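Results of the structural survey
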Amino acid sequence: MASSVCGVPIALLSLVDSDRQWFKSNVGLPGTSQTPREVAFCAHAILRPELMEVPDAMLDPRFSTNPLVTSQPHIRFYAGAPIVMPGGASMGTLCVMDRQARVLTDDQRAALTDLALVAAQALDMRQAALERDRLNALAVQQAQEASAKATIYHAIVEDQSDMVSLALPTGELTFVNQAYARHFGLTPASMQGHNLLEYVAANDRESVASHLQALCREPGTAHSENRMYSVAGNECWVAWTNRSMGDANGKVVALHSVGRDITDRKRTERALLASQNSFRALYEATPAMLHSIDPQGRILFVSDAWLANLGYAREEVVGVSSADFLTPASREYARSVVIPNFLQSGRCDDISYQMVRKDGSVIEVLLSAVLERNADGQPAHSLAVIQDVTEKNALSAALRVNQERLSLATSANGIGIWEFDLATGRLEWSDTMFSIFGGSRATFGGTLEDWSRKLHPADLDACTRAFDWAIAAHASMDFDFRVLQDDGEVRHVNARAMVIDDAQGKAVRVLGTNYDISERKKIEQALEYSEQRLRLIANNLPILISHIDTEYRYTFTNDKYQAWFSLGEGGTVGKTVAEVFGPTAFAQVKPHLDQALAGQDVSFELRSSLPNAPTHMFVHYVPDRNAQGVVKGVFGMVRDRTEQHQARTRLQASERQLRAVTDNLPVVITYIDTEERFRYLNETFHDWLGVSLDWAIHRQVAEVVGPELYAQRRAYLRRALEGERVEFDVESMMQGQRRHLRVSYIPDVWTDGIVHGIFTLSNDVTAFKEIEQALQDMARVDVLTGLPNRRQFNERMPEVLARAARTGAAIALMFLDVDFFKSINDTLGHGAGDKVLKEFADRLVASVRATDMVARLGGDEFVIVLEHLNDEDEARGVAQKIVEQVRSPLFLGAQKLKVSTSVGIAYQAKTTVIHSAHRLVSTADHALYAAKAAGRDTFKLVVLGPEGEAA
């Protein structure tokens, strides 16, 4: 509040002792709780009876060299009013500070002085409450001890200055101490037997009687205050701690009371009330948005600025719940989160709310508040300062979006940012640049040499020319180059930059980004190899295989397209379907392509009039989805169905011809009537299900195919018999063979519109499914060794780690390669190297369990994952076995080779934290290098625990 009234960013409630000042309340200096006394402005202020003001600390010889002035927080202005307790002691100050020189107005000085008085009174009340609670607790403890030892009890109680009594639940006094009797000018003996209500002021007797009656219903403790009369007949106030004491059955048998004269405190409270009324007037006139609310959340008073900002008159808001001026979301947040924490901690800072003006518009605010408690420690009222941050939040949100975008585009994606000042030759790098180029900021000189000396020697001239040309031409840059890191590793980097000109068009600086594309280069190489394998497979299948993108453009076709359609030179890739086959043919397939691009598997018969081409084809389109599930194209598979169609046409002439053909088609054809009885079955039905056609005819479908197959088809069958053409895919087990079927149910609707049955066609597309699966498997299996490749290894490792987390079992990851493999390749050729790798892989597989994973990551690098280990000796035993197996002579024809391996092992012990796959691989890789350093043909094991690594 002092911060808002005085219009400064910093306000402190500072308490000063012999060595330090510490902050009871702090606005504007987050993270600072105290300072040494020798540098504290407040140490000077408490020595003065009035407010101390320092308009400019830099010009004041007392403070011009003070570290709080010359360094953070750079204080220039200070004003502090001493907090003087009722006894005359100065406890500290209520002070305000600014980082700019300024002078307070007379109203602000008066307000700060009044606020310091309020703070002193609040501290005094707090001290008195703490002392009273301490004394009351002591009196209760003494009273309890006295019930067991009466003599000791009376001796202790009689020495008390507080009023102590024991009474029956009816109020009849059975004991009072000397202090109690002395207060009324009586003796303890003369008061015993009288009702304690006789000594209570008449105006308070009814409320005191009700209070004690409620307390005596069950054992417990309660506090109260009421008026009584002193020995001189004067009215006085007494604060009571009353405790109802029960017997073994919980029945209240006595009332123990301890009272203290609080008349002086009451007078202070009345003075405080007068001061508060004065303060309230100042409060309402302050230029900041302020409000105060009672324990029920109702507004007690608000500042004029609050009313002006929200558009209300004072009589419209006083007594109204403060929550009524919040939006529903802010109201719920306040009630469920802010208020409970506020009541517990006694303050809240910068709470973000939305408030509703009288005209219905919404403003965004930050609310800070402190809770004032009464003498019993219960909430009395709160004081809140509110700041309208609507415009500030809008600007911050726009800035935050830009910052988040920049952060996302750089650090999150591994993009380094650099800037080169052409005038000074100064080069600036972001932190990500060091992860790309190596080195650290400590060794970074900030010149172009830091960049050029990291370049691969073969790329230096080209990069320098590209850089110089872009500056001379004021053009943007986009080129790739290689970086040679300090450990000899070569990384591929893409550089993009733009030249920035001044107002006169002169190039003054270059701003650019660098992105590590090493993994992309590796992926491109692997993709090229994978595409070669897939094309070899696709070109040898007896069907057309293609990929069409979302613009109906071919991105892949196998060689069968040329063989079927004699397309001539130019090929198909990069051309649209319409460009290759003409608009008529495109119009035939476009609706089906659109279905597939919408995410559906599509199969259909296609009739073609293209010269030198099949006339009838069966086409199957499968959507190609990326990792996010978005369709980015269509895989197409086409079978030549010309002969089948011609046969179907000929068989229309007679039932015999129909039977002759359908019985030889690799599809199941049936006719089912409305009672779900078979009326026609072709021979394929018998071949697939092993059912006699003579037995099955006229029997119901469920009886013939069995409950499992019938349950798969029942819903589709009912839909077809209602007149709907139904097509669906199903996987069924028939005579021990699993078949993937594409099933069509075609209603037989006569001219009268009535469905008399359905034709069914079940096509075995198992081969297509297997081709699809094979294409997927090829991307996950190493073609040379048949082992899982890096992709499959990365897919399976999360499952391995999940099992380890679930079972608590130990696991080990081995990283190994062939010693001196490069020498084998260089001397015997890559063919011999491939045979060595194949034999090496076979020996690894033979050395481990069937449940253990062996994978080839690339080159001669292999990994083995051992699960469900009891201890690290098991891992060592397997490693020793592998080393010995590989050491056995290897024969290439008549040539005998001596081959060895080095093995690095990362062992994750039982019940430890589960490390990531990257951590395991990295640890095993380091262990591999340790094995090589130890002379090769051996292994090294590192144990991973929760605190790190242990060899």
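Residues numbered from 1 in each chain as written. Predicted model: local features only at pLDDT ≥ 70, side-chain atom pairs only at ≥ 80, totals over all residues. Heavy atoms only, no water.

**Topic: the pattern of salt bridges**
Side chains that differ in charge, positive against negative, can pair when their charged atoms come close. Rules: Should a side-chain nitrogen of Lys or Arg be within 4 Å of a carboxyl oxygen of Asp or Glu, the pair is scored as a salt bridge. The numbering of helices and of strands both runs from the N terminus, where a helix is a DSSP run of H or I of at least 4 residues and a strand a run of E of at least 2. Only protein chains enter the accessibility calculation, which uses a 1.4 Å probe; a residue whose area is less than 20% of its type maximum is buried, one above 50% is exposed, and one in between is partly exposed.
Considering all chains together, one arrives at 53 salt bridges under this definition. For the salt bridge of R260 with D162, the shortest nitrogen-to-oxygen distance reads 3.2 Å. Pair noted here: R260 is in strand β11 (residues 252-261) and D162 is in the loop between α5 (150-158) and β7 (163-167), with a separation of 98 residues, a long-range link. Assessed through its relative accessible area of 22%, R260 is described here as partly exposed. The partner of R482 in a salt bridge is D459, with the nearest N and O atoms 3.0 Å apart. Of the two residues, R482 is situated in strand β19 (residues 477-484) and D459 in helix α16 (residues 457-473); the sequence distance between them amounts to 23 residues. Among the residues examined, R482 registers a relative accessible area of 27% and is labelled partly exposed.

**Quick word on the confidence of the model for the protein chain**
Do not read the predicted coordinates in detail wherever pLDDT is low. Formally: Per-residue confidence from the predictor is reported as pLDDT, which spans 0 to 100.
When pLDDT is averaged along the protein chain, the result is 86; 91% of the residues meet or exceed 70. When mean pLDDT is compared element by element in the protein chain, strand β37 (residues 901-908) scores highest at 96, while strand β39 (residues 948-950) scores lowest at 49.

**Focus on the packing of helix α29 (residues 821-828) against helix α30 (residues 830-847)**
The line we're drawing: Here an axis means a line fitted to C-alpha atoms, over the contact stretch when the element is a helix, while the angle between two N-to-C directions is reported on a 0 to 180 degree scale. If an angle is under 35 degrees, it is roughly parallel; if it is over 145, roughly antiparallel; if it lies from 65 to 115, roughly perpendicular; otherwise it is oblique. Residues count as neighbours in contact if any of their non-hydrogen atoms are within 4.5 Å of one another. Throughout this entry, Asp, Glu, Lys and Arg are counted as charged residues, while Ala, Val, Leu, Ile, Met, Phe, Trp, Tyr, Cys and Pro are counted as nonpolar. The remaining residues, Gly among them, count as polar.
With their axes 7 Å apart at the nearest point, α29 and α30 run at an angle of 140 degrees to one another. When the axis of α29 is compared with that of α30, the two are oblique. Listed contacts from α30 to F821, I824, N825 and L828 of α29 are H830, A832, G833, V836 and L837. Residues belonging to the contact of α29 with α30 are distributed by class as follows: 6 nonpolar, 3 polar and no charged.

**Side note on the sheet that holds strand β9 (residues 220-229)**
For clarity, the threshold we go by: Two strands pair if DSSP finds at least two bridges between them.
Ordered by their spatial adjacency, 5 strands build an open sheet running β8-β7-β11-β10-β9, and the pairing between neighbours is antiparallel. The open sheet has two free edges, formed respectively by β8 (173-176) and β9, since each of these has just one partner strand. Put simply, the sheet's adjacent strands are angled 25 degrees from each other on average, direction ignored. In this sheet, β11 lies alongside β7 in antiparallel orientation, the contact comprising 5 bridges.

**Describing α30**
Where we set the bar: Each residue after the first adds 1.5 Å to the expected span of a helix.
End to end, α30 covers 25 Å across 18 residues, agreeing with the expected 26 Å (1.5 Å per residue, within 8%). Listing the buried residues of α30 in full gives A832, G833, V836, L837, F840, A841, R843, L844 and S847.

**Let's talk about the pairing of β19**
On β19, burial follows the alternation: M477, F479, F481 and V483 on one face are buried, whereas D478, D480, R482 and L484 on the facing-out side are not. Where β19 lies against strand β20 (residues 490-501), 8 bridges are found, and the strand directions are antiparallel. The residue of β20 that forms the bridge with D478 is R496.

**Details of the pairing of strand β6 (residues 90-98)**
Among the 9 residues that make up β6, 7 are buried, leaving the element largely enclosed by the rest of the structure. Across 6 bridges, strand β1 (residues 10-16) lies against β6 in antiparallel orientation. Note that in β6 the partner of A11 across the bridge is V96. Linking two consecutive strands that pair antiparallel, namely strand β5 (residues 77-84) and β6, is a turn of 5 residues; a positive phi of about 100 degrees is found at G88 within it.

**Re the packing of helix α28 (residues 790-807) against helix α32 (residues 917-933)**
Direction vectors running N to C along α28 and α32 enclose 105 degrees, while the axes themselves pass 10 Å from each other. Classified by the interaxial angle, the pair formed by α28 and α32 is roughly perpendicular. Residues F793, M797 and L801 of α28 pack against A917, L920 and V921 of α32. Taken together, the residues of the contact of α28 with α32 sort by class into 6 nonpolar, no polar and no charged.

**Quick word on the packing of aromatic side chains**
Worth spelling out the cut-off: Think of it this way: a Phe, Tyr or Trp ring, Trp meaning its six-membered ring, pairs with another when their centres are within 6.5 Å, and the plane angle makes it stacked under 30 degrees, edge-to-face over 60, tilted otherwise. Any Lys NZ or Arg CZ that is within 6 Å of a ring centre and within 35 degrees of that ring's normal is treated as a charge sitting over the ring.
The final tally for this structure, using the stated rule, is 28 aromatic pairs. With centroids separated by 6.4 Å and ring planes inclined at 75 degrees, the aromatic side chains of Y333 and Y353 adopt a geometry described as edge-to-face. Of this pair, Y333 sits in helix α12 (residues 328-345) while Y353 sits in strand β14 (residues 347-356); the two residues are 20 residues apart in sequence, bridging distant segments of the chain. For Y353, a relative accessible area of 8% corresponds to the buried category. One aromatic cluster is present, formed by W418, F420, W429, F434, F437, F444, W451, F467, F479 and F481 through successive ring pairs. Sitting over the ring of W237, K266 keeps its end group 4.5 Å from the ring centre. Sitting over the face of the ring of F820, R936 holds its NZ or CZ atom 4.4 Å from the ring centroid.

**Description of the side chain of E867**
The criterion, for reference: Contacts described as polar in this section are N or O atom pairs within 3.5 Å, which, within protein, must combine one atom able to donate a hydrogen with one able to accept it, while residues neighboring in sequence count only if both atoms come from side chains.
In this fold, E867 is placed in strand β34 (residues 861-869). A polar contact of 2.8 Å, which involves the side chain of E867, links it to the side chain of R803. Look past the residues within four positions of E867 in its chain and what remains in contact with it is V800, R803, A810, I811, R849, T851 and D852.

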